[in-house]
Amino acid sequence: MSTENPTASRECQNTADADSVGLVTPKKQEFTEPLQLACGRVLQGYTLVYETYGTLNTDRSNAILICHALSGHHHAAGRHSPDDKRAGWWDHYIGPGKPIDTSKFFVVSLNNLGGCHGSTGPVSINPTTGKPWGPDFPPMRVRDWVHSQARLADLLGIEQWAAVIGGSLGGMQAMRWALEYPERLRHCVVIASAMKLSAQNIAFNETARQAITSDPDFCGGRYLEREKLPRRGLAVARMIGHITYLSDDGLANKFGRELRTGSFQPGSDEEVEFQIQSYLRYQGDSFSSSFDPNTYILMTRALDYFDLAREYKDDPVAAFANASCRFLLVAFTSDWRFAPDRSREIVNALMHANVSVSYAEIESAMGHDAFLLPNERYEGIFRAYMQRVAAEIIEEGRYAY
Amino acid sequence: MRIDLDVIQDWIAPNSRVLDLGCGDGALLEQLGKNKNVIGYGLEIDPEQIELCVERGVNVVEQNLDTGLGNFADGSFDAVVMTQALQTLRHPHEVVREMLRVGRDCIITFPNFGQWRARWHLAFSGRMPVSDLLPFEWYDTPNIHFCTFRDFEVLCKQNDWTILHRQVVSESKIGVTFKDFLPNLFGETAIYHLTR
């Protein structure tokens, strides 16, 4: 993930111990109180898997919630074992001395309901049938996740988050937090996100879903019961998604028209394969062996359905008038899936709603994926903002005594 | 503390909503927040300045003034402020018009190109003035639309903009002595308070 920037990866190696949260062990929390869902159905009981980094202070005022994106999960930072090849998905931004500084904050990162990394979802057993939920798992909306996250906060004794932070679909959760539980967060950090998806975005998601559901092994979503897996469909879905998370320039810089095999020499009829082809196939294949197709469908639908201001008569200013936290918005210049204009719409609505907001538009060729990758300016702004959040906690602590 | 910031603060009512165009490091908005309980937003394009604003806890939005203020509703601010940025704009008069659409009042400061040093420099060396205040050569300067106090007042008259106050600032000894007598010759910076 950090191979793009040789300087940054060298730094990572040199300080691997000092700025990593180190070894982490996921925790499991059972919830027995039924959860009313936005779709009208009720989830009788459920499990949430989560990780924490750093230490909760005595005032319980330094907690940060990380909301994950489409294919994310609870493992945001550190490693599960010493020989773990990959660190958590946001390891570059969470750790001691990093923008989300675990020497100052207590960070909570969970796998959302409907996920496939340990929290209750389509791969879990439906207690009423004794079989995997599969396609019968209730559709999730962003607010359902927010309510389940609030229950996790209750259990952890966190009345108010110092900040709720998320990129992409995670940013949607962070914004929903600000409207649903305005008193329960002091800051909201929304990165590369939008108030609602565009038609083009929904179109990409639908194409991805069609790739999955048209795989003969999909079996109407009951592939687990039939001991099958629509791998090819999921791989194609991921390939489509992956292209849209990168930029034209980013792909050109990384692969150009380089060939992996074959040649265009006159007289050569060997099949030509471009580097980008094999890269995409690799991405698709590795994803399809670690992610659940039904979860992919559920998550993309949650993205499509989200519309921040729908219940506020489509007026985002009226929606944000309910917020009482401060906001940081960040977008990336080459991100065409969640373009800077989408973030600007949020910023404009917040300013007209008299809510505090800062916004930075980061120069990057990495497309939507930029929010996960090293970038000096992004880090600088993120760190500066989070240091203010940390300073406030100390100031408020002083007033309290 | 800069003199012009103090003057601006005096002209801003407590609890106002203030938009600061080209807010720099956010010093003015920080001061207004502390002393006048103002809710303010700064617009800035320089990444370093944006980060300084965030460090101060000042609201800053990355936005290029040359693309206009079309994202702000009519009358959505009590005051729109612009310090030392007028001369850097592609269309200064259109930005002032926009400021008066978005805000009830607007406060503008700019360096006086009619100040005697600039006149002296151009008249006797025959070259564009370069000074401590304006340390750029003509070809690399961000200051592309210089004007004098008189030029600006002509613009206001042509557009029927009302000048509520004008304060002339000078830091040199000779300027302090003569700025009230011959402002366009001795004033270094002007602070104008306009309304529609």
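If you're wondering where the values come from, they're calculated on a predicted model, not measured in any experiment.

Now for the overall build of chain A. Along the backbone of chain A there are eleven helices and 16 strands. Projected onto its principal axes, the C-alpha positions of chain A cover 80 × 55 × 50 Å. Partitioning the contacts of chain A with sequence separation of at least 6, the portion at a separation of at least 24 is 70%.

Here we come to the overall build of chain B. Each helix and strand in chain B was counted, giving eight helices and seven strands. Computed over C-alpha atoms, the radius of gyration of chain B comes to 16 Å, within 12% of the 16 Å expected from 2.2 N^0.38 for 196 residues, which places it in the range of a compact globule. For chain B, the spread of C-alpha atoms along the three principal axes comes to 45 × 35 × 30 Å. Of all 196 residues assigned to chain B, the portion counted as buried reaches 42%. Here the contacts in chain B between residues at least 6 apart in sequence split such that 60% fall between residues at least 24 apart.

Residue and element names in this part refer to chain B. Counting buried residues along strand E1 (residues 17–21), four of its five residues qualify, which places the element largely inside the surrounding structure. Traced from E1 through helix H2 (residues 27–36) to strand E2 (residues 39–44), the parallel crossover comes out right-handed. Pairing analysis gives four bridges linking E1 to strand E4 (residues 77–83), with the strands arranged parallel. Its bridge partner lying in E4, valine 18 is registered against alanine 79.

It is worth spelling out the packing of helix H4 (residues 199–213) of chain A against helix H8 (residues 293–305) of chain A at this point. All names here are of chain A. Between H4 and H8, the shortest axis-to-axis distance is 10 Å and the interhelical angle comes to 160 degrees. When the interaxial angle is binned, H4 and H8 end up roughly antiparallel. Both H4 and H8 take part in a crossing whose hand is left-handed. Across the interface between the two elements, Ile202, Asn205, Ala208, Arg209 and Ile212 from H4 touch Pro293, Tyr296, Ile297, Thr300, Leu303 and Asp304 from H8. Residues belonging to the contact of H4 with H8 are distributed by class as follows: seven nonpolar, two polar and two charged.

To continue, consider helix H7 (residues 275–288) of chain A. Residues and elements named next belong to chain A. Taking 1.5 Å per residue, 14 residues should reach 20 Å; H7 reaches 20 Å between its end C-alpha atoms and fits that length. Buried within H7 we find Leu280, Gly284 and Ser288. Looking down the long axis of H7, one finds its buried residues gathered within 60 degrees of arc, a one-sided arrangement. Facing away from the buried side of H7, by more than 90 degrees, are the exposed residues Tyr282 and Ser286.

Looking now at the domain arrangement of chain A. All names here are of chain A. Each assigned domain of chain A is listed here: domain 1 (6–196 + 307–400) and domain 2 (198–305). A straight line from the C-alpha centre of domain 1 to that of domain 2 covers 26 Å. Listed by partner, the interface residues are 26 residues for domain 1 and 24 residues for domain 2.

Residues and elements named next belong to chain A. Contact geometry for helix H5 (residues 231–245) and H7: axes closest at 8 Å, N-to-C directions at 125 degrees. In terms of orientation, H5 lies oblique with respect to H7. The interaxial crossing formed by H5 with H7 has right-handed handedness. In contact with Arg231, Leu234, Ala235, Val236, Arg238, Met239 and His242 of H5, H7 contributes Leu280, Gln283, Gly284, Asp285, Phe287 and Ser288. A breakdown of the residues in the contact of H5 with H7 according to their chemical character gives six nonpolar, four polar and three charged.

Non-glycine residue A:Asp314 carries a positive phi angle of around 60 degrees. One can find A:Asp314 in the loop between H8 and helix H9 (316–320). Here the phi dihedral of B:Asp160 falls at roughly 60 degrees; this positive angle occurs in a residue that is not glycine. Following the sequence through the fold, B:Asp160 ends up in the loop between helix H6 (149–158) and strand E6 (162–169). C-beta crowding within 10 Å serves as the criterion here: with 7 such atoms nearby, B:Asp160 is assigned to the exposed category.

Attention now moves to the interface of chain B and chain A. Each partner contributes to the interface: chain B provides 16 residues, whereas chain A provides 18 residues. Residue assignment for the side of chain B that touches chain A shows that the elements contributing at least two residues are E2, helix H3 (47–56) and strand E3 (60–62) of chain B. At five residues, the largest contribution of residues to the side of chain B that touches chain A is made by H3(B). Residues of the side of chain B that touches chain A, tallied by class, amount to eight nonpolar, four polar and four charged.

Low pLDDT means the predicted coordinates in that region are not meant to be read closely. Averaged over chain A, the pLDDT score is 94; the fraction of residues at 70 or greater is 95%. Taken together, the stretch residues 1–15 of chain A has pLDDT below 50 and engages in 13 contacts with residues farther than four places along the chain or on a different chain.

Averaged over every residue, the pLDDT of chain B is 91; the share at 70 or more is 98%. Two numbers describe this predicted complex: its pTM, 0.94, and its ipTM, 0.92.

It is worth spelling out the nonpolar core at this point. Counting 155 residues, the largest nonpolar core has A:Ile64 and A:Cys188 as its most contacted members. For this core, the leading source of residues is helix H11 (residues 376–400) of chain A, giving seven residues.

So, about the environment of B:Leu182. Relative to the elements of secondary structure, B:Leu182 occurs in the loop between helix H7 (173–178) and helix H8 (183–186). For the pair B:Leu182 and B:Gln115, spaced 67 residues apart in sequence, the C-alpha separation works out to 9.6 Å.

Residue and element names in this part refer to chain A. Judged by how many residues are buried, strand E4 (residues 46–53) sits mostly within the fold: seven of eight residues are covered. Pairing between strand E1 (residues 27–31) and E4: five bridges, direction antiparallel. Each bridged residue has a counterpart across the sheet, and for lysine 27 the counterpart in E4 is tyrosine 50. Sheet topology note: the E4/strand E8 (residues 106–110) ladder contains four bridges and is antiparallel. Of the residues in E8, the one forming a bridge with glutamate 51 is serine 109.

This part covers the environment of A:Trp336. Residue and element names in this part refer to chain A. By secondary structure assignment, the location of tryptophan 336 is in the loop between strand E15 (326–332) and helix H10 (340–352). On the basis of neighbour count, tryptophan 336 is assigned to the partly exposed category, with 17 C-beta atoms found within 10 Å. Tryptophan 336 sits 55 residues away from alanine 391 along the chain, and the two C-alpha atoms are 35 Å apart. With sequence-adjacent residues up to four places away left out, tryptophan 336 is seen in contact with Ser247 and Gly367.

What counts, and at which threshold
Residue positions are given per chain, counting from 1 as you read along its sequence in written order. Written order determines the labels here, with chains lettered from A and ligands numbered from 1. Per-residue local features of the predicted model are confined to residues with pLDDT of at least 70, and side-chain atom pairs are confined, for both listing and counting, to 80 or more; whole-chain, interface and lining totals are unaffected and use all residues. For the purposes of this entry, the term helix denotes a DSSP run of H or I that reaches at least four residues, the term strand denotes a run of E that reaches at least two, and both are numbered from the N terminus. Placing a C-beta atom from the backbone of each residue, one calls two residues in contact when those atoms lie within 7 Å. Here the globule rule reads 2.2 Å times residues to the power 0.38, and the radius of gyration is calculated from C-alpha atoms. Think of it as a crowd count around each C-beta: if 20 or more other C-beta atoms lie within 10 Å the residue is buried, if 12 or fewer it is exposed, and in between it is partly exposed, with C-beta placed from the backbone throughout. Orient the strands so they point away from the viewer, and a crossover whose first-strand-to-second-strand path over the helix runs clockwise is right-handed. Two strands pair if DSSP finds at least two bridges between them. Whenever a helix is involved, its axis is fitted only over the stretch in contact; in every case the axis is a line through C-alpha atoms, and angles between N-to-C directions fall within 0 to 180 degrees. Geometric relationships in this document are graded by angle, where less than 35 degrees denotes roughly parallel, more than 145 denotes roughly antiparallel, 65 to 115 denotes roughly perpendicular, and other angles denote oblique. Rotating anticlockwise by less than a right angle from the far helix to the near helix defines a left-handed crossing, while the corresponding clockwise rotation defines a right-handed one. Think of it as three bins: nonpolar holds Ala, Val, Leu, Ile, Met, Phe, Trp, Tyr, Cys and Pro, charged holds Asp, Glu, Lys and Arg, and polar takes everything else, Gly as well. Expected helix span is given by 1.5 Å per residue-to-residue step, counting one fewer step than there are residues. In this description, the arc belongs to the directions extending from the helix axis to the C-beta atoms. By convention here, the domain bounds are inherited from an automatic or database domain assignment. pLDDT is a per-residue confidence score from the predictor, ranging from 0 to 100. Linking buried Ala, Val, Leu, Ile, Met, Phe, Trp, Tyr and Cys residues through C-beta atoms within 7 Å yields a set, and such a set is a nonpolar core.

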